[in-house]
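# Understanding the architecture of this molecule
Residues per chain, in single letters:
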Amino acid sequence: MSSSATEEDQTGATDRRAAGEFVRGISTARNHIGDDAFPPEPNRYHLFIAYNCPWCHRVSLVRGILGLEDSISMDVAFPNRMPDPEGSGKTLWVLDPDAIASGTGQKLPECTKDTATGKNFYWVRDIYRSCGIMDQTSVPILYDKKEHRIVSNESADIVRMISKNAIALGATFPLDLYPEKLSKEIDELNEVIYQTINNGAYKAGFSSNQQVYEEAYEKYFNSIENLEKSLAKTKSPFLLGNKVTEVDLRLFPTIYRHDPVYFLRMKLSKAMIKDYPMLWKWVRNMYSIPGVAESSNLVHCKQGYFGNSWNKVIPIGPEGYRVMDGSKKIRNSRDITLLLSGAVFGSLLMGLMKRNN
């Protein structure tokens, strides 16, 4: 997999950060399921994620879509990171099911304790330290429960290795998300989506340099508009045809967050996804796939992005975004959601929504 499709160029990173540019760091735990030390087996591996994190979202999506919920266990961090008690000035992920979300005034039922290491770690950083990795604090983490070792913390690698070994890992619906005949197109589109959309959203939202923000903003919407044109031309329900592939999983977390979060928080306010008919149809097609709704959580997203920033008030809107909820009502067939054309599916969805309202 091309490094430019998974990570940002680190050339001059210190100077770029000092000049106000957001530069994403590098994941350093890069082993793979399928290596001699990490054979693919059901019930051996575990994920540590946060639902608000888009890099974790792609990992939870591959677990959900392939039907691996019973074979790969998972713990969920609280969406707001906590101040480092060691005084580093950083904020760190925690596994705390008793934390109270400011948006709801209640505990978030999806949040868990550490159930994998046997040591009930509170700080995700301590999971790394227990494995001898001292420079990482991020999620997602793919963890080997048998050997008590971290396999990987690079989300793109995790998606690919889980998909590649889906059958051996115990998947109940082992889709081929990286078919060989589409591998070149997937790799090329992955690179564009990562650089300009996935990471581009963060470069726009978290850079303090006006020029960097404006360049990221333009690249983001240029790519969004190119995807809209491509979907309009092909009339396909998914980015590369009639079946979902890895590239759809990598785009979905950003598009899912755009209207309710990124439009405001990342200052990506040129348009909402609802303003792009083909992309709006695509995101609803994606949401209807069994496992996607269960792997996605807007409450955690809003809490994570707004709960520790600005005045910590969680926005309610946008109005109408709950249109995707209607797709849950027809999620009774994987074949329907994976094979129907976008036009047919969209008409069926809207008809069912009207009937059930």
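Everything in this summary refers to the structure shown in the same document. Chains are numbered independently. Their residues run from 1 in the order of the written sequence. pLDDT decides what is reported in this predicted model: residues at 70 or higher carry local features, side-chain atom pairs at 80 or more are listed and counted, and totals for whole chains, interfaces and linings draw on all residues regardless. In computing side-chain values, all of the structure's heavy atoms are included and hydrogens and water are not.

## Observations regarding the overall build of the protein chain
Here a strand is any run of E in DSSP of at least two residues, a helix any run of H or I of at least four, and the numbering for each starts at the N terminus. Counting secondary structure elements, the protein chain contains twelve helices and eight strands. Buried residues in the protein chain amount to 57% of all 357 residues. Put simply, 72% of the contacts in the protein chain that link residues at least 6 apart link residues at least 24 apart. Exposure was quantified through the Shrake-Rupley algorithm and a 1.4 Å probe, taking into account, for residues, occlusion by the shown protein chains and nothing else. As displayed, the protein chain offers around 15600 Å² of accessible surface, 51% of which is attributable to carbon and sulfur atoms. Only protein chains enter the calculation, and the probe is 1.4 Å; a residue is then buried if its accessible area is under 20% of its type maximum, exposed if over 50%, and partly exposed in between. Only heavy atoms matter for contacts: two residues are in contact if any of them lie within 4.5 Å across the pair.

## Regarding the state of the cysteines
Throughout, a disulfide means two cysteine sulfur atoms within 2.5 Å of one another. Across all of its chains, the model carries zero disulfides by this definition. C53 takes part in no disulfide bond, and the closest cysteine sulfur to it belongs to C56, at a distance of 3.6 Å. The exposure class assigned to C56 is buried, which follows from its relative accessible area of 0%.

## Looking at the sheet that holds strand β8 (residues 149-152)
Any two strands between which DSSP finds at least two bridges are classified as paired. The four strands lie next to each other as β2-β1-β7-β8, forming an open sheet whose pairing is mixed. The sheet is open, and its two edges are formed by β2 (73-76) and β8, each paired on a single side. Strand-to-strand, the axes of this sheet are offset by a mean angle of 30°, without reference to chain direction. For strand β1 (residues 45-49) and strand β7 (residues 141-144), the ladder comprises four bridges, and the chain directions are antiparallel. In the strand pairing of β7, L47 is matched with L142. Axes here refer to lines fitted to C-alpha atoms; in helices the fit is confined to the stretch in contact. Angles between the N-to-C directions go from 0 to 180 degrees. On the sheet, helix α2 (residues 54-65) packs against β1 and β2 and is oriented at approximately 140° with respect to β1.

## Concerning the pattern of salt bridges
Salt bridges are identified by distance alone: a Lys or Arg side-chain nitrogen within 4 Å of an Asp or Glu carboxyl oxygen. Per the stated rule, a full pass over the model turns up 14 salt bridges. The closest approach of N and O atoms between R129 and D126, which form a salt bridge, is 4.0 Å. Taken together, the residues R129 and D126, both in helix α3 (residues 124-130) and three residues apart, mark about one turn of the helix. Taking relative accessible area as the criterion, R129 reaches 32% and is therefore assigned partly exposed. A salt bridge links E225 to K270; the nearest nitrogen and oxygen atoms lie 2.9 Å apart. Here E225 is found in helix α7 (residues 210-234), whereas its partner K270 is found in the loop between α8 (246-265) and α9 (277-288), with 45 residues between them in sequence. For E225, a relative accessible area of 23% puts it in the partly exposed group. Here the residues in one salt-bridge network are D84, E86, R125, D126 and R129, joined through shared partners.

## Topic: the packing of aromatic side chains
Classification of ring pairs uses Phe, Tyr and Trp, with its six-membered ring standing for Trp, and accepts pairs whose centres are within 6.5 Å; under 30 degrees between planes counts as stacked, over 60 as edge-to-face, and the remaining range as tilted. One pass over the full model with this rule turns up 14 aromatic pairs. Residues W55 and Y194 carry aromatic rings whose centres are separated by 5.8 Å and whose planes lie at 55° to one another, so their mutual orientation is tilted. Remark: Y194 occurs in helix α6 (residues 183-206) and W55 occurs in helix α2; sequence separation between them is 139 residues. Assessed through its relative accessible area of 11%, W55 is described here as buried. What links up through ring pairs into an aromatic cluster is the set W55, Y194, Y202, F206, Y262 and Y305. The positively charged end of R160 is found above the aromatic ring belonging to Y178, 3.7 Å away from the centroid. Geometrically, a lysine NZ or arginine CZ counts as sitting over a ring once it is within 6 Å of the ring centre and also within 35 degrees of the ring normal.

## Topic: the pairing of β1
Across the five residues of β1, five count as buried, placing the element largely inside the fold. Here β1 shows no split at all, with Y45, L47 and I49 on one side and H46 and F48 on the other all buried. Taken together, the four bridges between β1 and β2 define a ladder with parallel strand orientation. When the bridges of β2 are listed, F48 appears paired with D75.

## So, the nonpolar core
Counting 93 residues, the largest nonpolar core has L66, I162, L239, F252, Y262, L268 and W282 as its most contacted members. Leave out the neighbours within four places in its chain, and L239 touches L189, I193, L227, L231, V247, D248, L251 and W282. Buried residues of nine kinds, namely Ala, Val, Leu, Ile, Met, Phe, Trp, Tyr and Cys, make up a nonpolar core once their side-chain atoms join them within 4.5 Å. Core analysis: the second largest hydrophobic core is formed by eight residues, F78, V94, A101 and C111 among them.

## Quick word on unusual backbone geometry
The step from V139 to P140 runs through a cis peptide bond, and the omega angle for that step is 10°. Inspection of the secondary structure assignment puts P140 in the loop between α3 and β7. Positioned with a positive phi, K312 is a non-glycine residue whose angle comes to about 70°. Counting through the fold element by element, K312 comes out in the loop between α10 (298-306) and α11 (334-339). Looking at K312, the relative accessible area reads 48%, which means it is partly exposed.

## Thoughts on α7
Each residue after the first adds 1.5 Å to the expected span of a helix. An ideal rise of 1.5 Å per residue puts 36 Å on 25 residues; α7 measures up with 36 Å between its terminal C-alpha atoms. Within the sequence span of α7, burial applies to V212, Y213, A216, Y217, Y220, F221, S223, I224, L227, E228 and L231. Those residues of α7 that are buried lie in contact with α6, α8 and α9. Pairs of N or O atoms within 3.5 Å make up the polar contacts considered here, provided that, within protein, one atom can donate a hydrogen while the other can accept it, and that residues adjacent in sequence are counted only when both atoms are side-chain atoms. For α7, the N-terminal cap is N209; the gap from its side-chain oxygen to the backbone nitrogen of Q211 is 2.9 Å.

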